[in-house]
Amino acid sequence: NTGTDIVKVPIRYGDADRVANAILADNTTNKPLRLPLLSANLVGINPAPQAAKGTGAIDSKTFIPVGGSITKDTQVLYRRVPTPYSLIFELKLMTSNIDQKFQILEPIITMFDPIAQFQISDAPYDWNKIMILQLDDISSDENYPSQTSQRIIVNTLRFSTIRYFSVPFNFKQNFIKKINLKWEK
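Residues numbered from 1 in each chain as written. Predicted model: local features only at pLDDT ≥ 70, side-chain atom pairs only at ≥ 80, totals over all residues. Heavy atoms only, no water.

1. With respect to helix α3 (residues 98–109)
Argument step 1. For α3, spanning 12 residues, the distance from its first C-alpha to its last is 16 Å, which sits close to the expected 16 Å at 1.5 Å a residue.
Argument step 2. If you check which residues of α3 are buried, you get Gln100, Lys101, Ile104, Leu105 and Ile108. One side of α3 carries all its buried residues, which in axial view fall inside an arc of 105 degrees. Within α3, the exposed residues directed more than 90 degrees away from the buried face are Asp99, Gln103 and Glu106.
Argument step 3. Each element contacted by the buried residues of α3 is listed here: β5 (83–95), β7 (130–143) and β8 (152–165).
Argument step 4. With a side-chain oxygen lying 3.2 Å from the backbone nitrogen of Asp99, the N-terminal cap of α3 falls on Asn97. (Helix = DSSP H or I, 4+ residues; strand = E, 2+ residues; numbered from the N terminus. Expected span 1.5 Å × (residues − 1). Buried < 20%, exposed > 50% of the residue type's maximum accessible area, 1.4 Å probe, protein only. Arc of directions from axis to C-beta. Contact = heavy atoms within 4.5 Å. Polar contact = N/O pair within 3.5 Å; in protein donor to acceptor, adjacent residues only side chain to side chain.)

Now the structure itself:
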C-alpha cells in the first residue's frame, strides 16, 4: 500500500426509478448494495421573494456585437426581470464504515465556508452565470438492512441556491440613429 490508493465513488442523480434499480441489481433483490455510494437529488423548489430584482419590470441593455459598428450593429436587449427561486439539493453519502465516511466527507465539506461560488456560464447577460451554493445542514443515520450483518452509514448534506427563471429575451434595433437640428429665427 503506497498511501495513494484512490477509490472511485459512483454517484446517482435523481430519484431512483424502480425499473432502473432492478436492472442495476441484475433483477434480483439479493444483490448487496456496493458501498461507498453518493446520491444527489433536487428535493425542493420554493419562491425566493427576498432575492427579487423587481416585479414585472423590463431590463434593457444596449450592446454592439464583436466586430460590429456603432451606427449599423447596435442592438438593444429587452428582457423581463426574472423570478427568483430557492432550490434545495440533498447529497447522500452511503458508506459501510466510519473511516470511509470521513475520507469522502472531508474534501466535500471543506469546500464550503459555509458557501461556495461557481461560475457556470460565460454569457454576458445570463442572470445565472454565478451560482452561490450554500451548505445548510449535515445529518447522519445508520441503517442495518434485514438479512445482512453490515450496517449502512448515511450522511445527508443539504444545499441551497438561488436560481433565476426567466422568459426568452428579445433583441431590437430601436434606437436613435440620427438627429437633425434646425435653427429658425
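2. Here we look at a nonpolar patch on the surface
Argument step 1. On the surface, a cluster of nonpolar side chains totalling about 420 Å² of accessible area is made up of Tyr13, Leu42, Ile45 and Phe165.
Argument step 2. Here Phe165 is to be found in strand β8.
Argument step 3. Judged by relative accessible area, Phe165 falls into the partly exposed class, the value being 42%. (Patch = residues over 30% accessible without salt bridge, like charges linked within 9 Å, V, L, I, M, F, W, Y side chains within 5 Å. Areas by Shrake-Rupley, 256 points an atom, 1.4 Å probe, with all protein chains shown as cover. Salt bridge = Lys/Arg side-chain N within 4 Å of Asp/Glu carboxyl O.)

3. Describing the pattern of salt bridges
Argument step 1. Inspection of the entire model under this criterion finds five salt bridges.
Argument step 2. Note that Lys92 and Glu90 form a salt bridge whose closest N and O atoms lie 3.7 Å from each other.
Argument step 3. A relative accessible area of 31% places Lys92 in the partly exposed class.
Argument step 4. Each of Asp59, Lys61 and Arg79 takes part in one network of salt bridges that share partners.

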